[in-house]
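Letter by letter, the chains look like this.
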Amino acid sequence: LFRSVSQSRYLATEQLERRAGIAVYCHPEVLLIEESVRQSTTPGHFVVAIYRYKHTTILFGAVYGDASNADRQAAGIFTNLHETIAELKAVYNPDTIILSGDFNTVLDTEDQNYYDNYVRKWRTRLALMQLLEDYNLYDLATALGNREHTWHTNMRECSSSSRLDYIFTSLQNPVASK
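The structure displayed is predicted, hence computed values, not measured ones.

Undergrad: I tried to follow the packing of helix α1 (residues 71–92) against helix α2 (residues 122–134) on my own but got confused; where do I start?
TA: The packing of two helices is summarised by the inter-axis angle and the distance between the axes. Contact geometry for α1 and α2: axes closest at 7 Å, N-to-C directions at 15°. In terms of orientation, α1 lies roughly parallel with respect to α2. Considering the relative orientation of α1 and α2, their crossing is left-handed. The residues of α2 that touch α1, namely those facing Asp-71, Arg-72, Ala-74, Ala-75, Phe-78, Thr-79, Leu-81, His-82 and Ile-85, are Trp-122, Arg-123, Thr-124, Ala-127, Leu-128, Gln-130, Leu-131 and Asp-134. Within the contact of α1 with α2, the residues separate by chemical class into 9 nonpolar, 4 polar and 4 charged.

Undergrad: In this structure, what is going on with α2? I would like to understand it.
TA: An α-helical turn contains 3.6 residues, so any two residues separated by three or four positions project in the same direction. Look at α2: 18 Å from first C-alpha to last across 13 residues, which is about the 18 Å you get at 1.5 Å a residue. Among the residues of α2, Thr-124, Ala-127, Leu-128, Leu-131 and Leu-132 are the ones counted as buried. Projected onto a plane normal to the axis of α2, the buried residues spread over an arc of 135° and lie on a single side. Packed against the buried residues of α2 are α1, β7 (96–102) and β11 (165–169). Asn-136, located one to two residues past α2, shows a positive phi value of around 55°.

Undergrad: Is there a simple way to explain the pattern of salt bridges in this structure?
TA: Close approach of charged atoms lets side chains of opposite charge pair. Counted by the stated rule, this structure contains 2 salt bridges. Of the charged contacts in the structure, one is a salt bridge between Arg-38 and Glu-87, with a shortest N-O distance of 2.9 Å. One end of the pair, Arg-38, is in strand β4 (residues 31–39); the other, Glu-87, is in helix α1, and 49 residues separate them in sequence. Note that Asp-71 is salt-bridged to Arg-123, the shortest N-O span being 3.5 Å. Of this pair, Asp-71 sits in helix α1 while Arg-123 sits in helix α2, and the two are 52 residues apart along the sequence. On the basis of relative accessible area, Asp-71 is assigned to the buried category, the value being 10%. Taking the relative accessible area as the measure of exposure, Arg-123 reaches 28% and is therefore partly exposed.

Undergrad: Just checking my understanding: could you explain the pairing of β7 for this structure?
TA: Residues in a regular strand project their side chains so that they alternate between the two faces of the sheet. With 5 of 7 residues buried, β7 lies mostly within the body of the structure. With 7 bridges joining them, strand β6 (residues 56–64) and β7 adopt parallel strand pairing. Its bridge partner lying in β7, Ile-58 is registered against Thr-96. The parallel pair β6 and β7 is bridged by α1, and the resulting crossover is right-handed. For β7 and β11, the ladder comprises 5 bridges, and the chain directions are antiparallel. Within the sheet, the bridge partner assigned to Ile-98 lies in β11 and is Thr-169.

Undergrad: Is there a simple way to think about unusual backbone geometry in this case?
TA: Glycine aside, residues mostly have negative phi angles, and peptide bonds mostly take the trans form. One non-glycine residue, Asn-93, lies in positive phi territory at about 45°. Mapping Asn-93 onto the fold places it in the loop between α1 and β7. With a phi angle near 50°, Asn-104 is a residue other than glycine that sits in the positive phi range. Inspection of the secondary structure assignment puts Asn-104 in the loop between β7 and α2.

Undergrad: What is the right way to look at the sheet that holds strand β8 (residues 138–139) in this model?
TA: Strand pairing in a sheet is mediated by backbone hydrogen bonds. Such pairs are either parallel or antiparallel. Strand order across the open sheet formed by 6 strands is β4-β5-β6-β7-β11-β8, with mixed pairing between neighbours. Both edges of this open sheet fall to β4 and β8, since each of them pairs with a single strand only. Sheet contacts for α1: β4, β5 (46–53), β6 and β7; angle to β5, the most-contacted strand, approximately 25°.

What counts, and at which threshold
Residues numbered from 1 in each chain as written. Predicted model: local features only at pLDDT ≥ 70, side-chain atom pairs only at ≥ 80, totals over all residues. Heavy atoms only, no water. Axes fitted to C-alpha atoms, helices over the stretch in contact; angles between N-to-C directions. Helix = DSSP H or I, 4+ residues; strand = E, 2+ residues; numbered from the N terminus. Parallel < 35°, antiparallel > 145°, perpendicular 65-115°, else oblique. Left-handed = near helix turned anticlockwise from the far one by under 90°. Contact = heavy atoms within 4.5 Å. Nonpolar A, V, L, I, M, F, W, Y, C, P; charged D, E, K, R; others polar. Expected span 1.5 Å × (residues − 1). Buried < 20%, exposed > 50% of the residue type's maximum accessible area, 1.4 Å probe, protein only. Arc of directions from axis to C-beta. Salt bridge = Lys/Arg side-chain N within 4 Å of Asp/Glu carboxyl O. Pairing = 2+ DSSP bridges. Right-handed = clockwise from strand over helix to strand, strands pointing away.

Below is the structure:
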């Protein structure tokens, strides 16, 4: 799980498939609390840990949501993440939470342009929204006015796009603080 490259250190998930997996690199001045490292029950979908930088304790998570259309399975990953965050919060009481990655789900219909505008994987969306609400996390890009779609396809005369990549944080909203 914990490795080094040159002066950087990084965490990497163990994964069973080539499609899943995460690596988190951190600056040498950022202290990783090694005993805090947690991975998703289903390998390759998230890694979460506590970091200390100067006088701040940060719970940082990198996420790769389930890319399949198996809604219950994908929702289970966010339920597992929710439980993992609760465990780490209880032990380390972080000042800040940051989650980033490819969540492979949309938060609302504005985050997609499918022809039918139907939110697929609605259980997954609800599980993610519950996590965001419970930990008071907001979408950084939306706060900064950028809701560009991050995934695009053009297949069989039908193009579509979605916003699947996010950074969620509990840091003070930069727009609200101006």
